[in-house]
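Listed here are the chains, written in short residue letters.
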Amino acid sequence: MWLIYLAMSELQKCFGARMEFGTAGLRAAMGPGVSCMNDLTIIQTTQGFCAYLEQCFTDLKQKGVVIGFDARAHPPSGGSSKRFACLAASVLISRGVPVYLFSDITPTPYVPFTISHLGLCAGVMVTASHNPKQDNGYKVYWANGAQIIPPHDKGIAAAIEQNLEPWPKSWDTDGALQSSLLSDPYQEIHREYCKTIQQHCFHRELNKNSEVKIVHTSVHGVGHIFVQAAFKAFDLHPPYAVEQQKDPDPEFPTVKYPNPEEGEGVLTLSFALADQEGATVILANDPDADRLAIAEKQESGQWRVFSGNELGALLGWWIFQCWKLQKGEGKASIKDVYMLSSTVSSKILRAIAVKEGFHFEETLTGFKWMGNRARELMDQGKNVLFAFEEAIGYMCSPAVLDKDGVSAAAIAGEFVSYLASKNITLSHQLRSIYEEYGYHISKNSYFICHNQDTIKQMFERLRNYDGENSYPKECGGFAITAVRDLTTGYDSNQPDNKAILPTSKSSQMITFTFANGGVATIRTSGTEPKIKYYTELCAAPGNSDLNQLKTELDNLVDAIVEHFYQPEKNNLTPRPE
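As the structure is a prediction and not an experimental result, all values here were calculated from the model.

**Digging into the packing of aromatic side chains**
Okay, step 1: With the rule as written, the count across this model stands at 22 aromatic pairs.
Okay, step 2: With a centroid separation of 5.0 Å and an interplanar angle of 40°, the aromatic rings of Phe512 and Phe564 are classed as tilted. One end of the pair, Phe512, is in strand β22 (residues 509-514); the other, Phe564, is in helix α18 (residues 546-565), and 52 residues separate them in sequence.
Okay, step 3: Residue class for Phe512 comes out buried when judged on its relative accessible area of 1%.
Okay, step 4: Ring centres of Tyr533 and Tyr565 lie 5.8 Å apart, and the angle between their planes is 75°; this geometry places the pair in the edge-to-face category. One end of the pair, Tyr533, is in strand β24 (residues 530-538); the other, Tyr565, is in helix α18, and 32 residues separate them in sequence.
Okay, step 5: Judged by relative accessible area, Tyr533 falls into the buried class, the value being 9%.
Okay, step 6: Under the relative-accessibility criterion, Tyr565 is labelled buried at 0%.
Okay, step 7: Taken together, the ring pairs in this structure connect Phe102, Tyr110, Phe113, Tyr186, Tyr193 and Phe226 into an aromatic cluster.
Okay, step 8: The lysine or arginine in question, Arg95, covers the ring of Trp167, its NZ or CZ lying 4.0 Å from the ring centre.

**Quick word on the layout of surface pockets**
Okay, step 1: Approximately 620 Å³ is the volume attributed to the second largest pocket.
Okay, step 2: Elements with a contribution of two residues or more to the lining of the second largest pocket: β15 (359-363), α14 (367-379), β20 (478-485), β22 and β23 (518-524).
Okay, step 3: Counted by class, the lining of the second largest pocket contains 10 nonpolar, 8 polar and 8 charged residues.

**Thoughts on the UniProt feature "domain: Alpha-D-phosphohexomutase alpha/beta/alpha" (unreviewed entry) in the protein chain**
Okay, step 1: With numbering matched to this structure, UniProt assigns "domain: Alpha-D-phosphohexomutase alpha/beta/alpha" (unreviewed entry) to residues 19-163, 192-297 and 309-437.
Okay, step 2: Helix makes up 38% of residues 19-163 and strand 19%. Its end C-alpha atoms lie 15 Å apart.
Okay, step 3: In this annotation, residues 192-297 is assigned 29% helix and 16% strand; the end-to-end C-alpha distance for the span is 34 Å.

**Let's talk about the environment of Leu177**
Okay, step 1: In this structure, Leu177 sits in helix α7 (residues 173-178).
Okay, step 2: Sequence separation between Leu177 and Leu101 is 76 residues; the distance between their C-alpha atoms is 9.3 Å.
Okay, step 3: Not counting the four nearest positions on each side in its chain, Leu177 is found in contact with Cys86, Leu101 and Leu182.

**Focus: the pairing of strand β7 (residues 135-141)**
Okay, step 1: Within β7, 7 of the 7 residues are buried, which leaves the element mostly enclosed by the surrounding structure.
Okay, step 2: What you see with β7 is no split at all: Asp135, Gly137, Lys139 and Tyr141 on one side and Asn136, Tyr138 and Val140 on the other are buried throughout.
Okay, step 3: Where strand β1 (residues 26-29) and β7 come together, 4 bridges link them in antiparallel fashion. Within β7, the residue paired with Arg27 across the bridge is Gly137.
Okay, step 4: Where strand β6 (residues 122-126) and β7 come together, 4 bridges link them in antiparallel fashion.

**Re the packing of helix α12 (residues 308-327) against helix α16 (residues 426-437)**
Okay, step 1: Contact geometry of α12 with α16 gives a least axis separation of 10 Å together with a crossing angle of 85°. On the basis of their axis angle, the class for α12 and α16 is roughly perpendicular. Contacts between α12 and α16 involve Glu310, Ala313, Leu314 and Trp317 from the former and Leu426, Gln429, Leu430, Ile433, Tyr434 and Tyr437 from the latter.
Okay, step 2: A per-class count over the contact of α12 with α16 returns 8 nonpolar, 1 polar and 1 charged.

**Re the sheet that holds strand β16 (residues 383-389)**
Pairing between the strands of a sheet is mediated by backbone hydrogen bonds and can be parallel or antiparallel.
Okay, step 1: The strand order across the open sheet formed by 4 strands is β15-β14-β16-β17, and the pairing between neighbours is mixed. Looking at the sheet topology across the chains shown, the edges are occupied by β15 and β17 (393-395). Averaged over neighbouring strand pairs, the angle between their axes works out to 15° when direction is ignored.
Okay, step 2: Pairing between strand β14 (residues 337-342) and β15: 5 bridges, direction parallel. Bridged to Ser341 within β15 is Glu362.
Okay, step 3: Strands β14, β16 and β17 of the sheet are contacted by α12, whose axis makes an angle of about 165° with β16.
Okay, step 4: Contacting β14, β15 and β16, helix α13 (residues 348-356) runs over the sheet at an angle of about 160° to β15.

The rules behind the values
Residues numbered from 1 in each chain as written. Predicted model: local features only at pLDDT ≥ 70, side-chain atom pairs only at ≥ 80, totals over all residues. Heavy atoms only, no water. Phe/Tyr/Trp six-rings, centres within 6.5 Å; stacked < 30°, edge-to-face > 60°. Helix = DSSP H or I, 4+ residues; strand = E, 2+ residues; numbered from the N terminus. Buried < 20%, exposed > 50% of the residue type's maximum accessible area, 1.4 Å probe, protein only. Lys NZ or Arg CZ within 6 Å of the ring centre and 35° of its normal. 1 Å grid on protein atoms, 1.4 Å probe; cavity = no way out; pocket = protein on both sides within 12 Å on 5 of 7 lines; lining within 4 Å. Points joined across faces, edges and corners; volume = space filled by probe spheres on them. Nonpolar A, V, L, I, M, F, W, Y, C, P; charged D, E, K, R; others polar. UniProt positions renumbered as here; feature names shortened; annotations may be inferred. Contact = heavy atoms within 4.5 Å. Pairing = 2+ DSSP bridges. Axes fitted to C-alpha atoms, helices over the stretch in contact; angles between N-to-C directions. Parallel < 35°, antiparallel > 145°, perpendicular 65-115°, else oblique.

See the structure below:
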């Protein structure tokens, strides 16, 4: 009986509910059933996507679609990113749509770059980024080169439901691979990408002569050859590659989580190689190379892994300095310069913008919003220099309207070389930025919760804290001065109490502003069973008592966890160390 129950439970998991297609596309485990990534669900998804594209573009059969894939594979089910990419190509070609299918693994940023470079209607990247090894994903980009946003997600989801039965030639991958509609953009796009990012290289001679030693890891993903090529494009000496992690391996054998955001655990082999070679800086990409982590050896001999917010401050400052250098040649006006970040990321760019005179805008969480906003601004003739999110995602070039860990690695390599020529470390430069524009210290983490009812009750309690429709006025003695709820559309800072940023009832997200300058956002994750928190304390320039600021932020976070999360009562699991 127990075995029958287990079998029924597994069947229910696989066939109980179809994967939901959203703005992030699909992401799920590879395996059988409608709730998993497999040949059939890829065909169904692509049929719906194709049908929706046919509705939206009269020139679809002239322009076409690009498809890329990472190195993920799942031998038990026979699924792999390459297999799924070929099936997607087969579906589109069966309808007469030209397909630019990369012949080999590529970083995710190559797909949006190809759309913009070749003027295509859309793109698909088959990847699960830094998710566990059994997962895969299907990420969709629109003709503007950015990830899809509403209403396209709903339109595609509806079209999938209307096209569940496989079309006659959808399975014919052999025929598709022989079709005249299929072309391989790999060589051209790799060459053009490396050529395009060179416009962000400002210190070529310095790069050639730099003696800085840098280690790079691609964490068993696709990044190695592309970061090496990007360094070469900048005339930087090639970074030392972590031998055990440089080649793609879908098993991710040397790490528990293939996510450099998790910090030191993923970088153990990098630290060892850096110590062996005398390198002072480590660059780490996630498996699809759209994110970048950086660590630096301190004078104490310890390694410091910078947070995404700290790297946002460093890269944003550096890119602005490079723009000023370029502006010296009379190329642009500061009134047309923009930087963007997501609403849960550090407000440091806002502080820099206020002092320097350029524009800063905040968007909803995720690069889909920043990419689309960047495109809107660029279409108005604006110059979007930089965008970032705290989850180590950076858009350092408008040639890719998404996070890009490859161009960011080359730009960081030049930045490190420049600082070294002045005998300055990244840590020293970060301190200088905070001293000039005000300390912005953040503390982000999450709790794991698999029970959707518990999550809903937790957020409903915050919305009815002191009676119906009343949010908390304080938290553990910290006074709250403003509340913004992007699930309901409430914002106490607006005259009509209506939020300016778009709202979504399908996800939970509340931001609290505190009287002490603290800001805390609590939100659910779109792809993982996590309730995340993002906290930051913004101090005015001149307030440089860092220990006191850190203590105050720690106390604020403790209060939020105790009073808002209630982990024991809600049976929440803290982030694993």
